[in-house]
Amino acid sequence: MPPPRPSRIPSVTAIHPSILSADFANLAGELRRIPSADAVHVDVMDNHFVPNLTLGLPVVKAIRAATDLPLDIHLMIDDADRWAPGYAEAGCESVTFHAEAAARPRQLARTLRSHDAHAAMALKPATALDPYLDVLSELDMLLIMTVEPGFGGQAFMEEMLAKIAQARRAVDDLGGSVAVQVDGGISRDTILRAAEAGADTFVAGSAVFGSEDPDRAVAQLRQLAG
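Residues numbered from 1 in each chain as written. Predicted model: local features only at pLDDT ≥ 70, side-chain atom pairs only at ≥ 80, totals over all residues. Heavy atoms only, no water.

Caption draft 1: Region of the structure containing the overall build of the chain. What the chain contains, in helices and strands, is eight helices and eight strands. Taking 2.2 N^0.38 as the reference for a compact globule, 226 residues should give roughly 17 Å; the C-alpha atoms of the chain span a radius of gyration of 16 Å, in line with that estimate. Expressed along its principal axes, the backbone C-alpha trace of the chain runs to roughly 45 × 35 × 35 Å. Across the 226 residues in the chain, those meeting the buried criterion constitute 56%. Surface accessibility of the chain: about 9,400 Å² in total, with carbon and sulfur atoms responsible for 51%. Looking at the chain, you have 19 positive and 30 negative side-chain charges, and the mean spots of the two groups are 3 Å apart. (Helix = DSSP H or I, 4+ residues; strand = E, 2+ residues; numbered from the N terminus. Rg over C-alpha atoms; globule rule 2.2 N^0.38 Å. Buried < 20%, exposed > 50% of the residue type's maximum accessible area, 1.4 Å probe, protein only. Areas by Shrake-Rupley, 256 points an atom, 1.4 Å probe, with all protein chains shown as cover. Lys, Arg positive; Asp, Glu negative; His and termini not counted. Charge placed at Lys NZ, Arg CZ, Asp CG, Glu CD.)

Here it is as structure tokens:
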């Protein structure tokens, strides 16, 4: 039997600022600027699964030590089955692996939860949800990418609204215990459309850290989505 599912990170509407748009030379200071964030979204890229290289487990451990905010780790890396559990073992509250990079997504989700982490799965824009519907019951969160993963600052893909709505219907069929997250191009101009389609958890990078008052931006995005 799978281990019991830990309580979800998200509230009714959750904002996860992405540090991909933060000042990497002063991450601890940047984290102090978003005290009301529901979680900190940390993008881990390996320059193989996506054509970009960011940071890895040692830096994530340093971030873990620098903040009490929950960490929402988004792994854009190959061989997620091998590497994802290490982030859960490091005390990250949520670990997202890509369906395209996991050989055994159901087992990986169970392994993450056995380490008291939330298990989340991400889908690239071109990846259909239907083949993974049987995995949903093992998850705490499903991430629908609304841009091609790898780089921040991209425009929101409107054609993903139908996929978000499909995800919401599938989650509701399970009793609504799985969060529906969106990542890519989320801003004051797009967050309402994503919320109306069914998302409840929103990753925002430049919309938060590109503002003069990042924590006020978090509050404004939460109000718009709610």
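More follows now that the structure is in view.
Caption draft 2: Structural detail: the pairing of strand β5 (residues 118-123). Extensive coverage of β5 is indicated by the burial of six of its six residues. Because side chains alternate across β5, one face comprises the buried residues His118, Ala120 and Ala122, and the other comprises Ala119, Met121 and Leu123, equally buried. Direction of pairing for strand β4 (residues 94-98) relative to β5: parallel, over a ladder of five bridges. Residue pairing for β5: Thr96 is matched across the bridge by Ala120. Once you follow β4 into helix α4 (residues 105-114) and on to β5, the crossover reads as right-handed. Alignment of β5 against strand β6 (residues 141-145), held across four bridges, turns out to be parallel. Considered in β6, the bridge of Ala120 is made with Met141. (Pairing = 2+ DSSP bridges. Right-handed = clockwise from strand over helix to strand, strands pointing away.)

Caption draft 3: Quick look at unusual backbone geometry. A positive phi angle, near 55°, is found at Asp79, a position not held by glycine. Mapped onto the elements of the fold, Asp79 is located in the loop between β3 (71-76) and α3 (80-89). Of note in this structure, Asp116 is not a glycine but carries a positive phi near 65°. If you trace the backbone, Asp116 turns up in the loop between α4 and β5. Residue Asp116 is classed as exposed on the basis of its relative accessible area, which comes to 66%.

Caption draft 4: A look at the packing of aromatic side chains. One pass over the full model with this rule turns up zero aromatic pairs. Its end group placed over the ring of Phe49, Lys124 keeps NZ or CZ at 4.3 Å from the ring centre. (Phe/Tyr/Trp six-rings, centres within 6.5 Å; stacked < 30°, edge-to-face > 60°. Lys NZ or Arg CZ within 6 Å of the ring centre and 35° of its normal.)

Caption draft 5: Representation of the side chain of His41 within the structure. Mapped onto the secondary structure, His41 falls in strand β2 (residues 40-45). Classification of His41 as buried rests on a relative accessible area of 0%.

Caption draft 6: A look at the nonpolar core. Counting residues in hydrophobic clusters, the biggest one holds 67 residues, and the most contacted among them are Leu142 and Phe202. Not counting chain neighbours up to four residues away, the residues in contact with Leu142 comprise Met121, Leu123, Leu129, Leu136, Ala167, Val178, Ala179, Val180 and Gln181. (Core = buried A, V, L, I, M, F, W, Y, C linked by side-chain atoms within 4.5 Å. Contact = heavy atoms within 4.5 Å.)

Caption draft 7: Broad picture of the side chain of Thr201. Structurally, the position occupied by Thr201 is in strand β8 (residues 201-204). A polar side-chain atom of Thr201 sits 2.8 Å from a polar atom in the side chain of Asp200. (Polar contact = N/O pair within 3.5 Å; in protein donor to acceptor, adjacent residues only side chain to side chain.)

Caption draft 8: Inspection of the pattern of salt bridges at higher detail. A complete count under the given rule lists nine salt bridges for this structure. Here Glu138 makes a salt bridge to Arg106, at a shortest N to O gap of 3.3 Å. Residue Glu138 is found in the loop between β5 and β6, and its partner Arg106 is found in helix α4; the two are separated by 32 residues along the sequence. Looking at Glu138, the relative accessible area reads 5%, which means it is buried. For the salt bridge of Asp172 with Arg168, the shortest nitrogen-to-oxygen distance reads 3.1 Å. Note that Asp172 and Arg168 are positioned in helix α5 (residues 161-173) at a spacing of four residues, about one turn of the helix. For Asp172, a relative accessible area of 43% corresponds to the partly exposed category. Three or more residues joined by partner-sharing salt bridges are found here, namely Arg106, Arg110, Arg113 and Glu138. (Salt bridge = Lys/Arg side-chain N within 4 Å of Asp/Glu carboxyl O.)

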